[in-house]
Amino acid sequence: QVQLVESGGGLVQAGGSLRLSCTASGIIFNIKAAGWYRQAPGKERELVALISTLGGSTSYADSVKGRFTISRDNAKNTVYLQMNSLKAEDTALYYCAVGTYTRMPTSVDYWGKGTLVTVSS
């Protein structure tokens, strides 16, 4: 049974930082690309960041470039999202996903259940 379990969400003031983690089980993690997505209230889910299987390639939504960093530790089956200089508009439910790097903007293999990030202004 595949599980992706996110953690690290919470309430933070604007300008602050959070680090999200997502630990995978039931899959061979190091052959999967990984990504973070988010869904704000009343909006569609959007891709935030992607990372390739060994971490050599990453991509980011324009809205988070320069503020967020995605990384992974395959020995721990974990992908991270370091979020700095947080803004109120970053408030959302953040989801972890795994899949194929080139397909992940629109298609993933597995989703986590999400962790809530709330940024107060």
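Quick caveat: nothing in here was measured; it's all calculated off a predicted structure.

So, the sheet that holds strand β1 (residues 3-7)
Spatially, β1-β3-β8-β7 is the arrangement adopted by the four strands of the open sheet, whose pairing is antiparallel. What marks the edges here is a single partner per strand, and that holds for β1 and β7 (68-73). On average, each strand axis in the sheet is tilted by 15° relative to the strand beside it, whichever way the strands run. Bridge count between strand β3 (residues 18-25) and strand β8 (residues 78-83): six bridges; the pairing is antiparallel. By the bridge assignment for β8, S21 is matched with Y80.

Describing the pairing of β8
Within β8, five of the six residues are buried, which leaves the element mostly enclosed by the surrounding structure. Pairing of β7 with β8 involves six bridges; the strand directions are antiparallel. Note that in β8 the partner of D73 across the bridge is T78. Connecting β7 to the antiparallel partner β8 that follows it, the hairpin turn spans four residues, and N77 within it adopts a positive phi of roughly 55°.

Re the pattern of salt bridges
Taken as a whole, this structure holds five salt bridges when the rule is applied. For D109, the salt bridge is made with K32, and the minimal N-O distance between the two is 2.6 Å. With D109 in the loop between β9 (92-99) and β10 (110-111) and K32 in the loop between β3 and β4 (33-39), this residue pair connects regions lying 77 residues apart in the sequence. A salt bridge links D90 to R67; the shortest N-O distance between them is 2.7 Å. Residue D90 is located in the loop between β8 and β9, and its partner R67 is located in the loop between β6 (58-60) and β7; the two are separated by 23 residues in the primary sequence. In this structure, D90 and R67 share a single accessibility class: buried. In this structure, a network of salt bridges that share partners links the residues R38, E46, R67 and D90.

Notes on the environment of G66
With respect to the secondary-structure elements, G66 resides in the loop between β6 and β7. Judged by its relative accessible area of 84%, G66 is exposed. Distance in space between the C-alpha atoms of G66 and S85 is 9.3 Å, their sequence separation being 19 residues.

Cut-off values and rules
Residues numbered from 1 in each chain as written. Predicted model: local features only at pLDDT ≥ 70, side-chain atom pairs only at ≥ 80, totals over all residues. Heavy atoms only, no water. Pairing = 2+ DSSP bridges. Helix = DSSP H or I, 4+ residues; strand = E, 2+ residues; numbered from the N terminus. Axes fitted to C-alpha atoms, helices over the stretch in contact; angles between N-to-C directions. Buried < 20%, exposed > 50% of the residue type's maximum accessible area, 1.4 Å probe, protein only. Salt bridge = Lys/Arg side-chain N within 4 Å of Asp/Glu carboxyl O.

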